[in-house]
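# Structure assessment
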Amino acid sequence: MDYFLTEEQQMIRDLARQIAEEKIVPVRAELDEKNEYPWEVIKTLAQSDMIGLFIPEEYGGLGKGCLELCIAVEELSRACVGVSTTYAANALGTYPILLFGTDEQKKKYLPDIAAGKRLVAFGLTEANAGSDAGGIQTTAKLEGNEYVLNGTKQWITNGGEAEIYTIIAITDKAKGPRGASAFVVEKGTPGFTFGKKENKMGIRASSTRELIFDNCRIPKENILGKEGMGFIVAMKTLDSSRTGVGAQGLGVAQGAYEEAVKFARQRHQFGHPIISFQAIQHMLADMAIEIEAARALIYSVARYVDSGAKDVSKPSAMAKTFGTDVGMKVTTNAVQVMGGSGYMKEYPVEKMMRDAKILQIYEGTNQIQRNVIGQEIIKEAARNK
Ligand code: COS
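Residues numbered from 1 in each chain as written. Predicted model: local features only at pLDDT ≥ 70, side-chain atom pairs only at ≥ 80, totals over all residues. Heavy atoms only, no water.

### Concerning helix 7 (residues 230-266)
The periodicity of an α-helix, 3.6 residues per turn, causes residues three or four positions apart to be oriented the same way. Here is the rule we go by: Each helix corresponds to a stretch of at least 4 residues labelled H or I by DSSP, and each strand to a stretch of at least 2 residues labelled E; elements are numbered beginning at the N terminus. By this rule the span expected of a helix is its residue count minus one, scaled by 1.5 Å. We define the bend at any residue as the angle between the axes fitted to the seven residues before and including it, ending there, and the seven starting there. Summary of the burial criterion: residues with accessible area below 20% of their type's maximum are buried, those above 50% are exposed, and those between are partly exposed, where the area comes from a 1.4 Å probe applied to protein chains only.
Between its first and last C-alpha, helix 7 extends 54 Å over 37 residues, near the 54 Å set by a 1.5 Å rise per residue. Ser241 marks the point of greatest bend in helix 7, at about 35 degrees. Counting buried residues along helix 7, 27 of its 37 residues qualify, which places the element largely inside the surrounding structure.

In structure tokens form, the structure reads like this:
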């Protein structure tokens, strides 16, 4: 299929693929086994200007949009979702600054982020606030010229490794979700520490930690947007990033499919390569259809986002849900095509299947995405009545 990518978009895809093949594929199993953060890959991505892909040129980035970011994420995910999570979570953490930061805040943080000098993490989730993002309990109280943060964020990607954290905290308890605000907190600020690194089923190259705020004082200028806008900052951030999660599902599906095809050509049973059997061909055909459908949807949504469309909640939730459901289905079927070999760590598909699972869970479970889509359907129906 030809998606009519521009020459520049093709160059981004080729560069991301080259980095994935040369720098990620050789080390992915070891990073997974050792639960090790991919600093070497991050350095390469930074040197190749890939980290600043989506950051405007005036702040040192390449000024590209959602489609280019999705293409890069897809290629990295084709090799390793642990690495692509690290890369994509950096964009997730940056969106609150990009979307809601003042020019001063952007000048302060974005050039270092674009250069890959300082990584970013997004802190919304808490022990008692996962799907119910409005239920966060971390507080930020204004005292003189400072906000004082107290509370614990859970399961934060890039936690501990990132230097810059965009944090959602409650400034006015009485107002519920409308009493939330967004802040930038820098690593090293007194009162800000990290919990243990989580031991996960998949995406083990990425780090996931608690962020602990114990009377952590930050300058009041670190607020993003105004007091009370935190929930909207979080929702708009997730609207911006979810298409990229769909691209992770697409990439891991593509990687697993290629492994399954390669294996099915080599593996002989009953005197023939197993790819000659209709049972296998039908499985591969379904995988190919699902991958192409996911790519068509994700690229279209990304182009829609890049058109400057105002409300992208529904399409980005669709791209996230479909892309990641395809990721899970195709990786599972790749293991099935490869049988016992697919289940062994000698082949990459068992890791791909473990990695794919989180994509249906993080940045809003696929059930929450369907709720978001459902709410939009209700609104559209009311408008068209
Ligand atoms: N853009 C702008 N505004 C939005 C919005 C969006 N995408 N989504 C919701 N809002 C607004 C609503 O319009 C509403 O505004 P008003 O109070 O003015 O009416 C407000 O935010 C609250 O919205 P809602 O009532 O829908 O909030 P809920 O508490 O019911 O939660 C869901 C909505 C479930 C969609 C939200 O909590 C969510 O996305 N949860 C998943 C969180 C997540 O992705 N976590 C992953 C961790 S981050 S990696």
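### Points about the packing of helix 7 against helix 8 (residues 278-306)
Note the threshold: Axis angles are defined between N-to-C directions and span 0 to 180 degrees, where every axis is a line fitted to C-alpha atoms and, for a helix, only to the segment in contact. An angle counts as roughly parallel when it lies under 35 degrees, as roughly antiparallel when it exceeds 145, as roughly perpendicular when it falls between 65 and 115, and as oblique in every other case. By the definition used in this description, the sense in which the near helix is turned from the far one sets the handedness, with an anticlockwise turn below a right angle giving left-handed and a clockwise turn giving right-handed. Residues count as neighbours in contact if any of their non-hydrogen atoms are within 4.5 Å of one another.
Orientation of helix 7 relative to helix 8, taken along the N-to-C sense of each, is 155 degrees, at an axis distance of 9 Å. By the criterion of interaxial angle, the relationship of helix 7 to helix 8 is roughly antiparallel. In the crossing of helix 7 with helix 8, the sense of the turn from one axis to the other is left-handed. Taking contact as the criterion, the partners of Thr243, Gly246, Ala247, Leu250, Ala253, Gln254, Tyr257, Ala260, Val261 and Ala264 in helix 7 are, on helix 8, Ile280, Leu284, Met287, Ala288, Ile291, Ala294, Arg295, Ile298, Tyr299, Val301, Ala302 and Val305.

### Here we look at the domain arrangement of the chain
Let me state the cut-off plainly: Where each domain begins and ends is defined by an automated method or by a domain database. Two parts lose some accessible area (1.4 Å probe) when they are put together, and adding that loss for both gives the buried area. Only one rule defines a salt bridge in this text: a Lys or Arg side-chain nitrogen within 4 Å of an Asp or Glu carboxyl oxygen. Polar contact is defined as a pair of N or O atoms within 3.5 Å, subject to the rule that within protein one atom must be able to donate a hydrogen and the other to accept it, and that residues adjacent in sequence are counted only when both atoms are side-chain atoms.
Once the domains are mapped, the chain shows domain 1 (7-114), domain 2 (120-228) and domain 3 (231-380). Just the C-alpha atoms count here: the centres of domain 1 and domain 3 sit 20 Å apart. With 24 residues of domain 1 in contact, the opposing surface of domain 3 contributes 34 residues. Between domain 1 and domain 3 lies a buried interface of about 2300 Å² when both sides are counted; carbon and sulfur atoms form 65% of it. The largest per-residue losses of area from domain 1 upon contact with domain 3 belong to Leu67, Glu74 and Arg78, which jointly make up 25% of the total buried on that side. Taken together, the connections running from domain 1 to domain 3 amount to three salt bridges. One salt bridge connects Glu74 with Arg295, and the closest N-O pair in it is separated by 2.9 Å. Inspection of the domain 1/domain 3 interface yields nine residue pairs in polar contact (both at pLDDT 80 or more).

### Re the packing of aromatic side chains
The following threshold applies: Aromatic rings from Phe, Tyr and Trp, with only the six-membered ring used for Trp, were paired whenever their centres fell within 6.5 Å, and each pair was classed as stacked if the ring planes differed by under 30 degrees, edge-to-face if by over 60, and tilted otherwise.
As enumerated under the stated definition, the model contains 10 aromatic pairs in all. An angle of 90 degrees between the planes, with centres 5.0 Å apart, marks the rings of Tyr165 and Phe192 as edge-to-face. Here Tyr165 is found in strand 4 (residues 164-170), whereas its partner Phe192 is found in strand 6 (residues 192-197), with 27 residues between them in sequence. Residue classification places Tyr165 among the buried positions, given a relative accessible area of 0%. Overall, the relative accessible area of 6% leaves Phe192 in the buried class. Pairing Phe192 with Phe194 gives two aromatic rings, centres 5.0 Å apart and planes at 55 degrees, and the pair type is tilted.

### Comments concerning the pattern of salt bridges
Per the counting criterion, the structure on display carries 27 salt bridges. Among the salt bridges present, the one from Asp325 reaches Arg370, with a minimum N-O distance of 2.8 Å. With a gap of 45 residues between them, Asp325 in helix 9 (residues 313-343) and Arg370 in helix 11 (residues 366-383) connect regions that are remote in the sequence. When the shortest N-O distance is used, the salt bridge between Lys345 and Glu350 registers 3.3 Å. Look at Glu350 and you get buried, because its relative accessible area is 13%. One salt-bridge network, held together by shared partners, links Asp32, Lys345, Glu350 and Arg354.

### Digging into the site of the ligand
Here is the rule we go by: Only a single heavy atom is needed: when it lies within 4 Å of a molecule or strand, its residue is near that molecule or strand. Accessibility throughout is a Shrake-Rupley quantity obtained with a 1.4 Å probe, and a residue counts as covered only by protein chains that appear here.
Taken together, 18 residues lie around the ligand, and Ser131, Arg178, Asp239, Arg242 and Gly364 are the ones closest in. With respect to the ligand, the side chain of Arg178 contributes an N or O atom lying 2.9 Å from an oxygen atom. Arg242 places a side-chain nitrogen or oxygen 2.8 Å from an oxygen atom of the ligand. Protein coverage of the free-state accessible area of the ligand, which is 1000 Å², stands at 63%. Contributing elements (two or more residues each) for the shell around the ligand: helix 7 and helix 11.

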